[in-house]
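Geometric and topological summary
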Amino acid sequence: QVQLVESGGGLVQAGGSVRLSCAASGRSFRFNAMGWFRQGPGKEREFVAAINWSGGFTPYADSVKGRFTIFRDNAKNTVALQMTSLIPEDTAVYYCAVSDLVQPPTNGRQYNYWGQGTQVTVSS
């Protein structure tokens, strides 16, 4: 059974940094695209970042470009999101996801597996 488990969320002050991790189990996702999405209070879920199998293609949402970095470790079946220069608008539940596609999509509907989410709260 496939399972994705996020960790690393919490409360952080504006301007601070947080690193989220996601561990996948149940099968290898070595060649699958992986991504991060978030859902803020009263908002719809939105794309944050994604990565292809090699790490050579990493699309980002404009709102996080230059502040967030996604990377993966295929040997450990993990994907991580390093978030810096956080602002209150980054407050959300963050979800990792895995797609059966190779090229990382930005549409959540093209992801097949989802984690349970981890809360990140940025205080001003």
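Refer to the structure presented above.
Here's what I pulled together on the structure shown here. Predicted model only: the values in this text are computed from it and were never measured. (Residues numbered from 1 in each chain as written. Predicted model: local features only at pLDDT ≥ 70, side-chain atom pairs only at ≥ 80, totals over all residues. Heavy atoms only, no water.)

Remarks on the state of the cysteines
Across all of its chains, the model carries one disulfide by this definition. A sulfur-sulfur separation of 1.9 Å characterises the disulfide bridge that pairs C22 with C96. Residue C22 is located in strand β3 (residues 18-25), and its partner C96 is located in strand β8 (residues 92-98); the two are separated by 74 residues in the primary sequence. As far as the burial class goes, C22 and C96 line up, both buried. (Disulfide = S-S within 2.5 Å. Helix = DSSP H or I, 4+ residues; strand = E, 2+ residues; numbered from the N terminus. Buried < 20%, exposed > 50% of the residue type's maximum accessible area, 1.4 Å probe, protein only.)

Observations concerning the packing of aromatic side chains
All told, the structure shown has six aromatic pairs when counted by the stated rule. Taking 5.5 Å as the distance between ring centres and 55° as the angle between the ring planes, the aromatic pair formed by F29 and Y113 counts as tilted. Of this pair, F29 sits in the loop between β3 and β4 (34-39) while Y113 is found in strand β9 (residues 113-114), placing the two residues 84 residues apart along the sequence. Take Y113: its relative accessible area is 22%, and that puts it in the partly exposed class. Between the aromatic rings of F31 and W53, the centroid separation amounts to 5.4 Å while the plane-to-plane angle is 50°, which identifies the pairing as tilted. (Phe/Tyr/Trp six-rings, centres within 6.5 Å; stacked < 30°, edge-to-face > 60°.)

A short note on a nonpolar patch on the surface
A cluster of nonpolar residues, F31, W53 and V102, forms a patch on the protein surface that exposes about 300 Å² of accessible area. Of note, V102 is situated in the loop between β8 and β9. (Patch = residues over 30% accessible without salt bridge, like charges linked within 9 Å, V, L, I, M, F, W, Y side chains within 5 Å. Areas by Shrake-Rupley, 256 points an atom, 1.4 Å probe, with all protein chains shown as cover. Salt bridge = Lys/Arg side-chain N within 4 Å of Asp/Glu carboxyl O.)

With respect to the environment of A33
Mapped onto the fold, A33 is located in the loop between β3 and β4. As a C-alpha pair, A33 and R72 span 39 residues in sequence and 10 Å in three-dimensional space. With sequence-adjacent residues up to four places away left out, A33 is seen in contact with I51, R72, A97, V98, S99, L101, V102, Q103, P104, P105 and Y111. (Contact = heavy atoms within 4.5 Å.)

Quick word on the sheet that holds strand β7 (residues 78-83)
Two orientations exist for strands paired in a sheet by backbone hydrogen bonds: parallel and antiparallel. The strand order across the open sheet built from four strands is β1-β3-β7-β6, with neighbouring strands paired in antiparallel fashion. Where the open sheet ends on each side, the last strands, each with one partner, are β1 (3-7) and β6 (68-73). Strand-to-strand, the axes of this sheet are offset by a mean angle of 15°, without reference to chain direction. Pairing geometry for β6 and β7, over six bridges, is antiparallel. Looking at β7, one finds that I70 is bridged to L81. (Pairing = 2+ DSSP bridges. Axes fitted to C-alpha atoms, helices over the stretch in contact; angles between N-to-C directions.)

Points about the nonpolar core
Of all hydrophobic cores here, the largest spans 32 residues; its most connected members are W36, L81, M83 and Y94. Residue assignment for this core shows that the elements contributing at least two residues are β3, β4, β5 (46-51), β6, β7, β8 and β10 (118-123). Those residues in contact with M83 that sit more than four places away from it in its chain are G16, S17, V18, L20, R67, F68, Y94 and V120. (Core = buried A, V, L, I, M, F, W, Y, C linked by side-chain atoms within 4.5 Å.)

What to know about the pattern of salt bridges
With the rule as written, the count across this model stands at five salt bridges. Linking R27 and D100 is a salt bridge whose minimum nitrogen-to-oxygen distance equals 3.8 Å. Note that R27 is positioned in the loop between β3 and β4 and D100 in the loop between β8 and β9, a separation of 73 residues in sequence. For D90, the salt bridge identified is with R38, shortest N-O distance 2.9 Å. You can see D90 sitting in the loop between β7 and β8 and its partner R38 sitting in strand β4, a full 52 residues away along the chain. The exposure class assigned to D90 is buried, which follows from its relative accessible area of 1%. Residues joined by salt bridges that share partners form a network here, namely R38, E46, R67 and D90.

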